[in-house]
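Here's the letter readout for the chains.
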Amino acid sequence: MARSSRHGYTYALLLWTLLLPTFLLAGGRSTPLTNGTPTITTSDGLKLYTKISGQGIPCVFVHGGPGAWSGMPEALAGPSLEDKLQMIWYDQRGSGRSANDPNKNYSLDRMVLDMEELRQQLGLDTWVVMAHSFGGTIATEYAARYPQHVRGLVLVNSTLSLHEAMKSTLTNGLNFVSLPDKAPYLDESKPLDERFGMLMPHLSEQNIWFKLQYQTEAGHQKVTEADKGNPGTGEFGGYGFSLPDYRKDFTALTPQIKAPVLIITGAKDYCVGPDHYKMFRFPNQQIAQLQTGHVPFVEQPEAFRKAILSYLKKLPRKSA
């Protein structure tokens, strides 16, 4: 009997040794994710800046822009998140500290594949996907394509329709801007892109962007200060609005995404639109409407944290 037991143990050990590489390739982890700045290189040879910090459930942050960076949300949202979540901050290709693509491939397919390759190289089976603003388009597409790897989805003031975001910016921008005649901007016989483009210079000249995104000058200044480290050499920002990939209606994907979804929305976010979230139809969604503009983790960090903690308590238990 003892001999048989010993042989059984040896066989089990041999089997585990043979299966371990397959397990790791499949995305399982035998050790916790290590904090630091791992080297991440995509299958087409681009280096993506990545930083891991915090403790808890692995959570990747998909920054906005298009073409912004992860440095600002790390500095300003990180303190509310990193005691419960192990945050994976990465800069998208052509953004922040990541490399530009010499082939100019900034397609949605490539951006989603970058995320998936990041997950694979970190050796994670599942993670929470958190996105802000424009990042919601990429995150929602990822969640639709790789549902088996998405433990949860958090959309922070995210647009899932650039058309709707442009409409909100145009409509609300006209409420703030000074113009001798607003009729041309309201003429719906003209394409929305054309009217939006006409208004853009006035929004910049009169500093209306601040009023559309922030409730206080102090919030605006915090974001401005946190953004000073962005090298500003990325080129994705010049492609995000022009590529048809990002102009589709991502709300159409929401009914098929079964993961638990937290929608954080600002009642005074006039860029995305305070009612944009009402178009979302995730089967398992909860909504936290905060009395903020576009950057809730700056204007109401405690309310932001409370919403995240409430959501995490309801996540199904699943090892990553």
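Everything that follows concerns the structure shown earlier in this document.
In what follows, the accompanying structure is described. (Residues numbered from 1 in each chain as written. Predicted model: local features only at pLDDT ≥ 70, side-chain atom pairs only at ≥ 80, totals over all residues. Heavy atoms only, no water.)

Topic: helix α9 (residues 217-226)
For step 1, the next point in the chain: The complete set of buried residues in α9 reads G219, H220, V223 and A226. End-on view of α9: buried residues confined to an arc of 130°, all on one side of the axis. (Buried < 20%, exposed > 50% of the residue type's maximum accessible area, 1.4 Å probe, protein only. Helix = DSSP H or I, 4+ residues; strand = E, 2+ residues; numbered from the N terminus. Arc of directions from axis to C-beta.)

Considerations on the sheet that holds strand β3 (residues 50-54)
For step 1, the next point in the chain: An order of β3-β5-β4-β6-β7-β8-β9 is seen for the seven strands of this open sheet, with the pairing classed as mixed. At either margin of the open sheet sits one strand with a lone partner, and together these are β3 and β9 (285-290). Looking at each pair of strands side by side, their axes are set apart by 20° on average, direction ignored.
For step 2, the next point in the chain: Where strand β4 (residues 57-62) and strand β6 (residues 127-132) come together, four bridges link them in parallel fashion. Bridge pairing in β6 places F61 opposite M130.
For step 3, the next point in the chain: Contacts from helix α4 (residues 135-145) reach β4, β6 and β7 (150-156) within the one sheet, and its direction differs from that of β6 by about 150°.
For step 4, the next point in the chain: Contacting β4, β5 (85-90), β6, β7, β8 (261-266) and β9, helix α11 (residues 301-313) runs over the sheet at an angle of about 165° to β8. (Pairing = 2+ DSSP bridges. Axes fitted to C-alpha atoms, helices over the stretch in contact; angles between N-to-C directions. Contact = heavy atoms within 4.5 Å.)

Side note on the environment of L170
For step 1, the next point in the chain: Position of L170 among the secondary structure elements: in helix α5 (residues 162-176).
For step 2, the next point in the chain: Taking the C-alpha atoms as reference, L170 lies 7.8 Å from R195; in sequence the two are 25 residues apart.

Re unusual backbone geometry
One can expect most non-glycine residues to show negative phi and most peptide bonds to be in trans.
For step 1, the next point in the chain: Residue G65 is joined to P66 through a cis peptide bond whose omega torsion reads 0°.
For step 2, the next point in the chain: Relative to the assigned elements, P66 resides in the loop between β4 and α2 (71-81).
For step 3, the next point in the chain: For K104, which is not a glycine, the phi torsion comes out positive at approximately 60°.
For step 4, the next point in the chain: As for its placement among the helices and strands, K104 is situated in the loop between β5 and α3 (108-122).
For step 5, the next point in the chain: Positive phi is not limited to glycine here, since N157 has a value of about 45°.
For step 6, the next point in the chain: Note that N157 resides in the loop between β7 and α5.
For step 7, the next point in the chain: N157 gets classed as buried once you look at its relative accessible area, which sits at 3%.

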